[in-house]
Amino acid sequence: TLLGASAEFAREHIDVLMAGYTHLQPAQPIRFAHWLMSHMAAIQRDAQRLTELIPRANQCPLGSGALAGNAFGVDREFLAKELGFEGVTSNSLDSVCDRDFVAEFLMWHSLFLVHLSQMAEDLIINNMLKCVDMADAYATGRSFMPQKKNTDVPELLR
């Protein structure tokens, strides 16, 4: 996983120092491992948020009818279990109009992308400042400017 690989990479490079920046200005020396794991801390929170979101979204609304249930004796618990839901929604009227799961997922996804964007921006800047060296697999060059390395993957992610 990204978290595991980053933790291992940080352990391997625990003694590497780099400039820590605030407002794009060098502020104080920090460990590369500390910088890397700052991004992983955000992604770990994102993973936790997604884990917490799933049980709320994974509730079966079947049997709610148009708004007030149904007259067919639908076994909602049986349906939920058979379909892999964690449970049934508690109120039929709420079930048919609820869009919380959409808003929660979009919020989670937006924040996750913000964190990926922050990491990508840091990689771009640190590559430009020669604090990190972007592997050729994640960058491209130009035939007429062979010294130039474009950080294409982080720029697209940003």
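Structural data are supplied above this passage.
Residues numbered from 1 in each chain as written. Predicted model: local features only at pLDDT ≥ 70, side-chain atom pairs only at ≥ 80, totals over all residues. Heavy atoms only, no water.

1. Quick word on the environment of A47
Along the chain, A47 falls in helix α2 (residues 32-57). Judged by its relative accessible area of 38%, A47 is partly exposed. Through-space distance from the C-alpha of A47 to that of T151 is 26 Å; in sequence the pair is 104 residues apart. (Helix = DSSP H or I, 4+ residues; strand = E, 2+ residues; numbered from the N terminus. Buried < 20%, exposed > 50% of the residue type's maximum accessible area, 1.4 Å probe, protein only.)

2. Structural notes on helix α1 (residues 2-12)
Along an α-helix, residues three or four apart share an orientation, since each turn contains 3.6 residues. Residues of α1 that are buried: S6, A7 and A10. Mapping the buried residues of α1 onto a view down its axis gives an arc of 100 degrees, with all of them on the same face. Across α1 from its buried face, at more than 90 degrees, point the exposed residues R11 and E12. The inward-facing, buried residues of α1 abut α2. (Arc of directions from axis to C-beta. Contact = heavy atoms within 4.5 Å.)

3. Description of the pattern of salt bridges
According to the stated counting rule, one finds four salt bridges in the structure shown. A salt bridge links R56 to E104, with the shortest nitrogen-to-oxygen separation between them at 2.5 Å. On the criterion of sequence distance, the pair formed by R56 in helix α2 and E104 in helix α5 (residues 100-128) is long-range, its members being 48 residues apart. The exposed category is assigned to R56, whose relative accessible area is 51%. Residue classification places E104 among the partly exposed residues on the basis of a relative accessible area of 26%. (Salt bridge = Lys/Arg side-chain N within 4 Å of Asp/Glu carboxyl O.)

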